[in-house]
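Remarks on the overall topology
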Amino acid sequence: MRSRLENFDKLLTGMIKASWLRPKLILSVSLLIFIIALFGASRLHQVVSIEDQLDSKLQSTKDLKSLKNNFGAQSSFGFIVMAPKTGFKAIDLCLIKRAIQKIKENHVEVKDSFSLFDIRRSKIEGNKLFYMPLIDDVCLGEPDRLVDLSFIQSTPWSQLISGKEIKDLAFNLSLEPLNPPGTYGTFNPQLIEQLISEVKNLIPLETQISGTSAQEYFTMVGLSESQWLNFLGILIIILAFKWMFGSWKAGPLYFISVIYSAALVYGGMGWMGHPVDPLSICLFLLLSVSSL
């Protein structure tokens, strides 16, 4: 082990001496590598969806994609509407129903919905089988009447569309993945932002966002905000250099070394096709500390 360290020390010393003998050549090669790395970094993309983060070589990932192709499974965007203190009125449910219809009309990416208004249950009358809506049309009749939703508790979907005490109602929209993939893979952040805005504007009751797309959206927001945290860490270190050494020279030199090393790492990831995920986003911070 000692001999290996000694050989590495000799190699490193020789490289440093050679760089002093040919400074222009070393600077030219370093600049060329930096430019190539920048082109690689431009090819980099971030993944936030659970499917994109899975290793495509794993058998479980292949099975998941096979199920998705066979059964048409898609990402989901959900929202939960909290009931008023007096309970849901017909006008409340009517506004929710019309909001879902409006969202489906505005966005072709919304392929289907699952809610109180979409479920039908079978009913036999004579020798005929009918599929009746789970609830009558709430937009007909007196708008201020309270709607009794206690019947939901006796249905197989009670835990999917509400809770035990019917204090809220859950609604789910099936979304088509982005094709071709963009900066965030198959996740479409613009669509999710529009859906969140429309749900808040079209439904006058208190709502909470849910579903896999919500988790992926806030993962994307976390990745974006972590970049500001990285640069804030560098700024703190530069100010610490000024406070410890009394000069601003050390700070810019440190910043250049961090940017260069980060360009090599992320550029290599871009050229090799490795995306940035919630784990690799921390590489910049690790490089900032190691460059000290």
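The structure contained in this document is the topic of the report that follows. (Residues numbered from 1 in each chain as written. Predicted model: local features only at pLDDT ≥ 70, side-chain atom pairs only at ≥ 80, totals over all residues. Heavy atoms only, no water.)

**What to know about the packing of helix α7 (residues 189–202) against helix α8 (residues 212–245)**
α8 packs onto α7 with a crossing angle of 115° between their chain directions and a minimal axis gap of 10 Å. The orientation of α7 relative to α8 falls into the category roughly perpendicular. Considering the relative orientation of α7 and α8, their crossing is left-handed. Where α7 approaches α8, its residues P189, I192, E193 and I196 are matched on the opposing element by S213, Y217 and M220. (Axes fitted to C-alpha atoms, helices over the stretch in contact; angles between N-to-C directions. Helix = DSSP H or I, 4+ residues; strand = E, 2+ residues; numbered from the N terminus. Parallel < 35°, antiparallel > 145°, perpendicular 65-115°, else oblique. Left-handed = near helix turned anticlockwise from the far one by under 90°. Contact = heavy atoms within 4.5 Å.)

**A few points about the pairing of strand β4 (residues 128–133)**
On a regular strand, each side chain points to the face opposite its neighbour's, so the side chains alternate between the two faces of the sheet. Across six bridges, strand β3 (residues 120–125) lies against β4 in antiparallel orientation. By the bridge assignment, I124 is partnered in β4 with L129. (Pairing = 2+ DSSP bridges.)

**Examining the pattern of salt bridges**
Following the criterion strictly, the structure yields three salt bridges and no others. For the salt bridge of K97 with D137, the shortest nitrogen-to-oxygen distance reads 3.4 Å. Residue K97 is located in helix α5 (residues 90–106), and its partner D137 is located in the loop between β4 and α6 (158–161); the two are separated by 40 residues in the primary sequence. A salt bridge links K123 to E125, with the nearest nitrogen and oxygen atoms 3.4 Å apart. Assessed through its relative accessible area of 43%, E125 is described here as partly exposed. (Salt bridge = Lys/Arg side-chain N within 4 Å of Asp/Glu carboxyl O. Buried < 20%, exposed > 50% of the residue type's maximum accessible area, 1.4 Å probe, protein only.)

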